[in-house]
Number of protein chains: 2
Amino acid sequence: MANTSIPYKTYLTEQEMPRYWYNVKAHMKNKHAPFLNPATGEPCTKDDLRSVFCDECIEQEFNDRDEYVAIPQGILDFYKMFRPSPLVRAYFLERFLDTPAEIYYKFEGNNTSGSHKLNSAAAQAYYAKQQGITRLTTETGAGQWGTALSMACAFYGLQLCVYMVKASAEQKPHRREVMRTFGAEVIPSPGNTTSAGRAILARFPDTGGSLGCAISEAVETALSTQNCRYVLGSVLDHVLLHQSVIGTECKIALDKYGIVPDVVIGCMGGGSNFGGLIAPFMGERLQGKNEIRFVGVEPRGCPTLTRGKFAYDYCDAAKMTPLAKMYTLGCGFMPSPNHAGGLRYHGMSPVLSQLYHDGYIEAVAVGQKSVFEAATDFAKCEGILPAPESAHAIRAATDEALECKRSGKKKVILFGLTGTGYFDLSAYKQYNDGTMTDEAPTDEMLIKGFASIPAIR
Amino acid sequence: MANTSIPYKTYLTEQEMPRYWYNVKAHMKNKHAPFLNPATGEPCTKDDLRSVFCDECIEQEFNDRDEYVAIPQGILDFYKMFRPSPLVRAYFLERFLDTPAEIYYKFEGNNTSGSHKLNSAAAQAYYAKQQGITRLTTETGAGQWGTALSMACAFYGLQLCVYMVKASAEQKPHRREVMRTFGAEVIPSPGNTTSAGRAILARFPDTGGSLGCAISEAVETALSTQNCRYVLGSVLDHVLLHQSVIGTECKIALDKYGIVPDVVIGCMGGGSNFGGLIAPFMGERLQGKNEIRFVGVEPRGCPTLTRGKFAYDYCDAAKMTPLAKMYTLGCGFMPSPNHAGGLRYHGMSPVLSQLYHDGYIEAVAVGQKSVFEAATDFAKCEGILPAPESAHAIRAATDEALECKRSGKKKVILFGLTGTGYFDLSAYKQYNDGTMTDEAPTDEMLIKGFASIPAIR
């Protein structure tokens, strides 16, 4: 029965805020397969990763055991700056859709980075500082992750070098300026500062770059610089762990009102948002304590779960990273141009891939135009201009609510609203102008992508 | 004595949120002089204004009597979407400045319009809807007001036509796109849709437009369109009344902790933010119940209070609007280019002008480079990228806190952080690149401005 006594927004107090992250792996019967060292083909050891990643993140990456991982006070202090995020009851959207469903969303966009990425940036920068690291490198495509890490490095007093995909740096000079304001060095990739960049430029002088190339440059710099490490904003288990603060805050708030969602919905790129949102709810599901449905939403243009293969593959296009057992379209898959830059990844978090493989997660792929239609309706109703990535979840939540209207069922829907669209307005312009196109990969594109998956097991 | 037990952020609950606006005029012994009808030179009557403004706003404009004005439920419902705004204890800024002062700021930027402007946009759109008006017009320069009104019109189901200063529309296409996403029609001004626009274009075909011209076009369209009114986002008394929700929320939150600020600081353009922030505190001050200092901060490039005259002047450059008794640099004053577009107004709210004239308000003018220096430090400490306008208040609050460090005094400082700088990154780029200039008006510029003040009394 629809509960109309819940406030429009719920903010946890400082006392109520979670002091631990939730490690969903603790209750997974089937742990995901180990990462493989690309040089040896053998499972990665912690030592294999130490020259690239911070020690504590490696420990967390390998931790299959502890359900709760304490958040250090130094990170809690930073979380206070931009957390708690509000849990919003979407009364206005419900009214607009004329649905009997109760819709809730967790909004992670009320910080200057504009997205949930800051949750893991804070943690990774903190651990680097604790280890005596003085400098970090990373890559950024759409720019949210680079901005988040810039903020975290400014807060903890670390130097940061961001390799930003050149085409994105040129299209989004303002994103670059935010990072510079937070003190980061932003280098369009490919560039002349690394051998990886110089090699690409020699072959393709006019290239706009790629995430794969930017990763190569960032890793090379981390390996060749004193007291420097590389950090990544999605896919890996420790990133999902940090993002569990999203779901944990949600659960604490919902528990106050005695509400259990029927379905939890989130967009999926590398999986950090969705994995973090569902973590504590999935933990209970794996223990048989609830029957919640979990729905991941991906763009039809990059349908990793709905059309991909479950196989070992490289995490980057340049085949430099460890191999992960995951759903993948092939590390050589090249999606059509699509504005949800954060969802254009060929692979998927190994944790989420395993849960999907085991039937705990559903996946839907949605078309870009229908996503922007839902985004625009949402903006008018709820007053938030969503990021295109986030709007994939709005589309699916809207469809669930409309299904409730047809069936008369009063479901409780929770979705993750990962961020704002202030830097994505050229995409909104295309939608407003009626020039946006919808694309799904052709069979040929898929076949070409699958051909890039290495033949392992 | 510094109180360190206050949470980093305080959000009021729905039950605690104010249900009334605070009308500071009720306790002013010297009310401001009446507006004058530009045609007759006589005090404006309510009827003089009915063809342009909504009836309820006119009633509020003339209300010198009621200390509290109830906020209608239909506006409270909309306020829930983006309010309460957080009152933040700036622990990180305090630590960075190494000051014994307690610093608090009220952050109004956590909504898609990115500023406090939505508080009055909500009210004005609601009253228009109640009156049976179907269409509104307005002008926008920097774009915050136009965006806010677009959101409000989308919420209440009103059509909206925004005349956007052409130079701004071209420099900030993304601002324009946000308004379009909320369903507003955005017309670069001057344009061919009004006789005012056509007249300007005939004389100056290459002009980038001006706020004065955009006002003329918006008013002309309101007068010539069925069921249409014009709305304004600052200067007028009813706008300050709506913005008092900022100060009232602040005061309710501070009262919970038994805190009375020693000084309240805000940036001043037309005065809507500063007037709203100080309202309930000033009301007590006027009754002798506190000794709070009120400091308005203006850009050195447009020093209305610190270098202007207290005189009757037109509210617009085109001399079409009523005359107001206010501090003014002259309606013909043309400031040097300055990035804080929202603070480039030649005049000042008549309420605030009177309070300044009577000694209740102090004013300081600050240079642009020092403003961006404070903005950048603030962003790194507090994780919010401020609008250049808002950063004027940060500059002055920082200076107060540094003075406390020198003197050892533990003052309580409250300032208004009106909005975010996501659409002002070209200004940040200039600052980051070291190409930003600082400018104050020359004597010649001031003399030319003063010559445009009409000779009335």
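The coordinates are above.
Calculation rules
Residues numbered from 1 in each chain as written. Chains lettered and ligands numbered in written order. Predicted model: local features only at pLDDT ≥ 70, side-chain atom pairs only at ≥ 80, totals over all residues. Heavy atoms only, no water. Helix = DSSP H or I, 4+ residues; strand = E, 2+ residues; numbered from the N terminus. Rg over C-alpha atoms; globule rule 2.2 N^0.38 Å. Contact = heavy atoms within 4.5 Å. Areas by Shrake-Rupley, 256 points an atom, 1.4 Å probe, with all protein chains shown as cover. Lys, Arg positive; Asp, Glu negative; His and termini not counted. Charge placed at Lys NZ, Arg CZ, Asp CG, Glu CD. Least-squares fit on C-alpha atoms with pLDDT ≥ 70 in both. Buried < 20%, exposed > 50% of the residue type's maximum accessible area, 1.4 Å probe, protein only. Pairing = 2+ DSSP bridges. Buried area = accessible area lost by both parts, 1.4 Å probe. Salt bridge = Lys/Arg side-chain N within 4 Å of Asp/Glu carboxyl O. Polar contact = N/O pair within 3.5 Å; in protein donor to acceptor, adjacent residues only side chain to side chain. Nonpolar A, V, L, I, M, F, W, Y, C, P; charged D, E, K, R; others polar.

J.: A description of the overall build of chain A should follow, citing residues and the corresponding values.
T.: Tallying secondary structure elements over chain A gives 18 helices and 15 strands in all. Computed over its C-alpha atoms, the radius of gyration of chain A comes to 21 Å, within 12% of the 23 Å expected for a compact globule of 457 residues. Along the longest, intermediate and shortest principal axes, the C-alpha atoms of chain A span 60 × 50 × 45 Å. Nonlocal contacts in chain A, meaning residues at least 24 apart in sequence, comprise 76% of its contacts between residues at least 6 apart. For chain A, the exposed area adds up to about 15900 Å²; of that, 50% sits on carbon and sulfur atoms. The averaged location of the 48 negative side-chain charges in chain A is 1 Å from the averaged location of its 46 positive side-chain charges.

J.: Kindly report on the relation of the copies chain A and chain B, identifying the contributing residues and their values.
T.: Screw-axis analysis of chain A against chain B gives a translation of 0.0 Å along the axis, an RMSD of 0.0 Å, and a rotation angle of 180 degrees. A rotation of that kind, with that shift, is consistent with a two-fold axis. Scanning chain A for the C-alpha nearest the rotation axis identifies asparagine 110 of chain A, at a separation of 3.0 Å. A shared binding surface is used by both copies, with 100% of the interface residues of chain A retained as interface residues in chain B.

J.: How would you summarise the pairing of strand S5 (residues 102–107) of chain B if you had to cite specific residues and measurements?
T.: Residue and element names in this part refer to chain B. Across the six residues that make up S5, a large majority, six, are buried. Taking every second residue as pointing to the same face, both faces of S5 are buried, with Glu102, Tyr104 and Lys106 on one and Ile103, Tyr105 and Phe107 on the other. As defined by bridge partners, strand S4 (residues 87–89) adjoins S5 across three bridges and the pair is classed as antiparallel. Among the inter-strand pairings, arginine 89 is bridged to a residue of S5, identified as tyrosine 104.

J.: Lay out the environment of aspartate 206 of chain A with the relevant residues and their values.
T.: When you line up the elements, aspartate 206 of chain A lands in the loop between helix H9 (195–203) and helix H10 (211–224). As a C-alpha pair, aspartate 206 of chain A and proline 190 of chain A span 16 residues in sequence and 9.9 Å in three-dimensional space.

J.: Could you give an account of the interface of chain A and chain B, with specific residues and numbers?
T.: At the interface, 42 residues of chain A touch 42 residues of chain B. Across the chain A to chain B interface the summed buried area is about 3800 Å²; carbon plus sulfur atoms make up 60%. It is Met81, Thr181 and Tyr422 of chain A that lose the most area in chain A upon contact with chain B, and together they represent 18% of the buried surface on that side. For aspartate 433 of chain A, the salt bridge goes to arginine 180 of chain B, with nearest N and O atoms at 2.8 Å. Viewed at the interface, chain B and chain A are joined by 14 residue pairs in polar contact (both at pLDDT 80 or more). For the side of chain A that touches chain B, the secondary structure elements donating two or more residues are helix H3 (73–82), helix H4 (91–97), helix H6 (144–156), helix H8 (173–181), helix H15 (368–382) and helix H17 (425–433) of chain A. At six residues, H17 of chain A tops the list of elements feeding residues into the side of chain A that touches chain B. Looking at side-chain class alone, the side of chain A that touches chain B contains 20 nonpolar, 10 polar and 12 charged residues.

J.: Give a detailed account of the pattern of salt bridges, specifying residues and quantitative values.
T.: Residue and element names in this part refer to chain B. According to the stated counting rule, one finds 58 salt bridges over all chains in the structure shown. Of the charged contacts, one joins lysine 106 and glutamate 249 as a salt bridge, the two residues approaching to 2.6 Å between their closest N and O atoms. One end of the pair, lysine 106, is in strand S5; the other, glutamate 249, is in helix H11 (residues 237–256), and 143 residues separate them in sequence. Given the relative accessible area of 1%, glutamate 249 is considered buried.

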